[in-house]
Amino acid sequence: MGRIILHLDLDCFFAAVEARDNPEYKDKPLIVGADPKEGKGRGVVSTCSYEARKFGIHSAMPISKAYRLCSHAIFVRPNYEKYKEASEKVMEIIQSYSSAFQRGGIDEAYLDISKRCSNFKHAKNIAEQIQQEIHDKIGVTCSIGCAPTKSLAKIASDYNKPNGITVVEPEPENIKSFLKDMDITRIPGIGKKTKKYYNEKGIHTIEDIFDTPLPKMIEFFGKYGKWVWQVAHGLDTRPVKEYHNRKSISKERTFHQDIADVNNVLATFESLNGRIHENLRNHKIYYRTVTLKIRFEGFETFTRSKSVPHPIQDEKKAMRLVCELLKEFLDEKRRIRLVGIRFSNLHKNETTKQTTILNYLCR
Ligand code: TTP
Ligand code: MG
């Protein structure tokens, strides 16, 4: 039995939250973005309601142009805190349907529900339940794609917006009839610029990809051509990453040129640490062990770890631990080729709540 993956994307997300909180905006052309200043404003549209899209308005359009297209629209400034809060709550709901959950961005996520449902009819039921729960509890709508791979699920969630559910069953003929008339830019990763190269080779629709044998795709577009061909044939095997079942989370960076400057090394550790913590916060993951990795010119590599008694999720504290571990290497005369950080002994928040309280009591 193959996989069943859902991709969920909220509909006109920022605008939907604004309309939820200001019922007078409902069913009207509503534009979230910079101040239009009666057509003289600078800046862009973040997003707009589907009513505003009828006027040709879309994300990233200059706000002055949006004003020209529809001056009677309601224009509001973004309130990111509010969107973040709504997003967190939506993600919590989605996660409760499967532990194989991967957040895509502020308003999208993947869910692998293969373990809890045996066919696509049942999967559609689950998608309906998720839509309903998000609507009832958060007051916004979403669209869901249901397919055997992540990329097909993503294409499917965008297919019938707003508030749609699109199922792509796994048989090759279903995948083909779903994709064949679509423009190749529907494939995640093919944008306006890349499209040009495909068009030059006579590839416009996804059907043209079906008509191009894999070796030709590789000859024309290299490794990326292979990936595009696999997506179209439903052969994208990337898993929905289960953060909660992972043993560790790490990031590393190789320098283009080996470096000797300590400040540069520290700044890199800080940036890696910041990015991992964003993930850890999103997935409510705590850790007990921090490991530093450092590779010198000549490829000699060292790892050093430090553990704390109770699970933490603390960006500053982690950076302090990294600095302590780094001390030992500061006198090194050799240049550094690579640095990395790993967090392990991971704990989910549910099991951590108690220990965190214990932490306070025991201090
Ligand atoms: P999207 O999911 O791309 O757009 P959307 O949710 O507004 O509309 P759709 O129904 O087509 O999914 O992006 C999610 C949010 O991210 C969007 O509400 C606002 C923000 N955003 C920007 O601020 N600028 C941009 O250029 C884009 C694309 C999105
Ligand atoms: Mg969206």
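Engineer: Would you explain the pairing of strand β10 (residues 285-296) in this entry?
Structural biologist: If a strand is regular, its side chains alternate between the two faces of the sheet. The element β10 is extensively covered by neighbouring structure, given that nine of its 12 residues are classed as buried. Note that β10 and strand β11 (residues 301-312) share eight bridges and pair antiparallel. Each bridged residue has a counterpart across the sheet, and for Thr-291 the counterpart in β11 is Ser-305. The pairing of β10 with strand β12 (residues 336-344) spans eight bridges and is classified as antiparallel. Paired with Arg-295 across the two strands is Leu-338, which belongs to β12.

Engineer: Explanation requested: the coordination of the magnesium ion (ligand 2) in the structure shown.
Structural biologist: Coordination angles at a metal have ideal targets, namely 109.5 degrees for four tetrahedral donors and 90 or 180 degrees for six octahedral donors. Distances from the magnesium ion (ligand 2) to its protein donors, namely Asp-9 (OD), Leu-10 (O) and Asp-107 (OD), fall within the range 2.0 to 2.3 Å. Considering all six donor atoms around the magnesium ion (ligand 2), angles at the metal cover 79 to 176° and the coordination shape is octahedral. Each donor residue of the magnesium ion (ligand 2) lies on one chain, and together they are spaced D-L-x96-D. For the pair Asp-9 and Leu-10, a shared accessibility class is recorded, and that class is buried.

Engineer: Would you mind going over the site of ligand 1 with me for this structure?
Structural biologist: Near ligand 1 you find 14 residues, and of these Asp-9, Cys-12, Thr-47, Tyr-50 and Asp-107 are the closest. Take Tyr-50: an N or O atom from its side chain is 2.6 Å from an oxygen atom of ligand 1. Side-chain polar atom of Lys-161 to an oxygen atom of ligand 1: 3.0 Å apart, as the coordinates give it. If ligand 1 stood free it would expose 560 Å²; the protein chains cover 68% of that surface.

Engineer: What should I look at first to understand the packing of helix α1 (residues 13-21) against helix α4 (residues 80-95) in this one?
Structural biologist: To describe two helices that pack against each other, one gives the angle between their axes and the distance between the axes. It is the contact of α1 with α4, at a shortest axis distance of 10 Å, that shows an interaxial angle of 95°. By the angle class used here, α1 and α4 are roughly perpendicular. Facing α1, whose interface residues are Phe-13, Phe-14, Val-17, Glu-18, Arg-20 and Asp-21, α4 presents Tyr-80, Lys-82, Tyr-83, Ala-86 and Ser-87. Residue composition of the contact of α1 with α4, grouped by class: six nonpolar, one polar and four charged.

Engineer: What is the right way to read the sheet that holds strand β4 (residues 74-76) from this model?
Structural biologist: Where strands meet in a sheet, backbone hydrogen bonds hold them as pairs that are either parallel or antiparallel. Sheet architecture is open: three strands sit in the order β3-β2-β4, paired in mixed fashion. A single partner strand is all that each edge strand has here, and the edge strands are β3 (45-48) and β4. Strand-to-strand twist of the sheet, defined as the mean angle between neighbouring strand axes without regard to direction, takes the value 25°. Contacts from α1 reach β2 (30-33), β3 and β4 within the one sheet, and its direction differs from that of β2 by about 115°.

Engineer: I tried to follow the packing of helix α11 (residues 262-282) against helix α12 (residues 315-327) on my own but got confused; where do I start?
Structural biologist: Following both chains from N to C, one finds α11 and α12 inclined at 145°, their axes separated by 10 Å at the closest point. The way α11 lies across α12 gives a crossing that is right-handed. Contacts from Val-265, Leu-266, Phe-269, Glu-270, Asn-273, Gly-274, His-277 and Arg-281 in α11 reach Glu-315, Ala-318, Met-319, Val-322, Cys-323 and Leu-326 in α12. Among the residues forming the contact of α11 with α12, the class breakdown is eight nonpolar, three polar and three charged.

Engineer: Help me out: how do you make sense of the nonpolar core in this one?
Structural biologist: One recurring pattern in soluble globular proteins: nonpolar side chains tend to sit buried together. By size, the foremost hydrophobic cluster in this structure holds 39 residues, and its most contacted members are Ile-94, Ile-130 and Ile-134. At the level of elements, β1 (5-10), α1, β2, α4, β6 (108-112), α5 (120-138) and β7 (142-147) are the ones that each hand at least two residues to this core. At seven residues, α5 tops the list of elements feeding residues into this core. Here Ile-94 is in contact with Leu-8, Phe-101, Ala-109, Leu-111 and Ile-134, once residues within four sequence places are set aside. Grouped together as the second largest cluster of nonpolar side chains are 28 residues, Leu-280, Ile-294, Val-308 and Ile-341 included.

Engineer: Quick question: what am I supposed to make of helix α6 (residues 150-157) here?
Structural biologist: Structurally, the α-helix is built with 3.6 residues per turn, so residues lying three or four positions apart point the same way. A large share of α6 lies buried, amounting to seven of its eight residues. Looking only at α6, the buried set comprises Lys-150, Ser-151, Leu-152, Ala-153, Ile-155, Ala-156 and Ser-157.

Engineer: Sorry if this is basic, but what is going on with the pattern of salt bridges here?
Structural biologist: Where charged atoms from two side chains of opposite charge approach closely, those side chains can pair. Enumeration according to the criterion identifies 23 salt bridges in this entry. The salt bridge partner of Arg-186 is Asp-158, with a shortest N-O separation of 3.5 Å. With Arg-186 in the loop between α7 (172-179) and α8 (192-200) and Asp-158 in the loop between α6 and β8 (165-167), this pair connects stretches of sequence that are 28 residues apart. When its relative accessible area of 41% is taken as the criterion, Asp-158 is described as partly exposed. By sharing partners, the salt bridges in this structure join Glu-18, Arg-20, Asp-21 and Lys-82 into a single network.

Rules behind the numbers
Residues numbered from 1 in each chain as written. Chains lettered and ligands numbered in written order. Predicted model: local features only at pLDDT ≥ 70, side-chain atom pairs only at ≥ 80, totals over all residues. Heavy atoms only, no water. Buried < 20%, exposed > 50% of the residue type's maximum accessible area, 1.4 Å probe, protein only. Helix = DSSP H or I, 4+ residues; strand = E, 2+ residues; numbered from the N terminus. Pairing = 2+ DSSP bridges. Donors = N, O, S within 2.8 Å, 3.2 Å for Na, K, Ca; no water. Tetrahedral: all angles 85-135°; square planar, octahedral: opposite > 155°, others 65-115°. Near = heavy atom within 4 Å. Polar contact = N/O pair within 3.5 Å; in protein donor to acceptor, adjacent residues only side chain to side chain. Areas by Shrake-Rupley, 256 points an atom, 1.4 Å probe, with all protein chains shown as cover. Axes fitted to C-alpha atoms, helices over the stretch in contact; angles between N-to-C directions. Parallel < 35°, antiparallel > 145°, perpendicular 65-115°, else oblique. Contact = heavy atoms within 4.5 Å. Nonpolar A, V, L, I, M, F, W, Y, C, P; charged D, E, K, R; others polar. Left-handed = near helix turned anticlockwise from the far one by under 90°. Core = buried A, V, L, I, M, F, W, Y, C linked by side-chain atoms within 4.5 Å. Salt bridge = Lys/Arg side-chain N within 4 Å of Asp/Glu carboxyl O.

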